[in-house]
Amino acid sequence: MTTQALRIGEVAVLAGVNVQTLRFYERRGLIDEPPRRPSGYREYPTDSVRRVRFIKRAQELGFKLDEVQELLRLRDDPLIPCKQVRTAAEAKIADIDQRLQRLRRMRSALGALVVSCAGNREHHCPLLEALDEKNHARVRTRHRSRSVR
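Computed from a prediction, not measured in an experiment: that's the story for all the values here. Numbering of residues starts from 1 in each chain and follows the order in which that chain's sequence is written. Selection of residues for local features in this predicted model requires a pLDDT of at least 70, selection of side-chain atom pairs for listing and counting requires 80 or more, and totals for whole chains, interfaces and linings are taken over all residues. Hydrogens and water molecules were not included; the side-chain quantities draw on all heavy atoms of the structure.

Would you mind going over the environment of L113 in detail, with residue names and values included?
Note that L113 resides in helix α5 (residues 82–116). A C-alpha to C-alpha distance of 5.6 Å links L113 and L127, two positions 14 residues apart in sequence. The criterion used for residue contact is that any of the two residues' heavy atoms lie within 4.5 Å. Apart from the residues within four sequence positions on either side, L113 is in contact with P126, L127 and A130. For the purposes of this entry, the term helix denotes a DSSP run of H or I that reaches at least four residues, the term strand denotes a run of E that reaches at least two, and both are numbered from the N terminus.

Here's what the structure looks like:
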């Protein structure tokens with residue numbers, strides 16, 4: 001029994017991505033470059049749709065393409081224990097937690113700047129001053145001195 005081959009546009013539609021994404025995944029080695037028909041069209045195996053959906057779901061969970069490539073390697077080798085997949089997922093959770101902490105600090109700093117802004121712009125704007133390079137060191141120093149107290 002032969003499996004039906006799909007053209008690049010068909011794979012893109014079925015997987016919910018665009019054609020450029022498929023070509024990018026090929027260049028990155030996430031999906032194999034398919035053979036071409038005599039007409040020049042690429043012949044993707046039907047399993048390509050499943051693989052692309054896997055890649056997209058992993059990205060939606062925050063995995064970077066290098067990490068997705070490792071997950072694909074783990075997926076493709078049935079002899080690799082599930083523990084390795086769990087370890088990768090735990091590492092991703094730790095990474096997400098660190099990013100959340102950074103985002104909370106950023107939100108707090110930005111919130112403090114918003115509070116310091118009177119909004120009348122007659123003399124100066126503390127928000128713009130804090131973002132200005134020449135004031136950056138002074139703002140950071142002021143922030144550190146407050147946290148030391």
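Hey, could you go over the nonpolar core for me, with residue numbers and the actual values?
Nonpolar cores were defined as sets of buried Ala, Val, Leu, Ile, Met, Phe, Trp, Tyr and Cys residues, with membership established by side-chain atoms within 4.5 Å. Throughout this description, buried means an accessible area under 20% of the type-specific maximum (1.4 Å probe, protein chains only), exposed means over 50%, and partly exposed covers the range between. In this structure, L22 and I55 are the most contacted members of the largest nonpolar core, which totals 22 residues. Elements with a minimum of two residues in this core: α1 (8–15), α2 (19–28), α3 (47–60) and α4 (65–76). Looking at which element gives the most residues to this core, the answer is α4, with 5 residues. Excluding its chain neighbours within four sequence positions, the residues that come into contact with L22 are I8, V11, A12, V17, I31, Y44 and V52.

I'd love a proper account of α1, names of residues and values included.
Listed as buried for α1 are I8, V11, A12 and A15. One side of α1 carries all its buried residues, which in axial view fall inside an arc of 100°. The directions considered for the arc run from the helix axis to the C-beta atoms.

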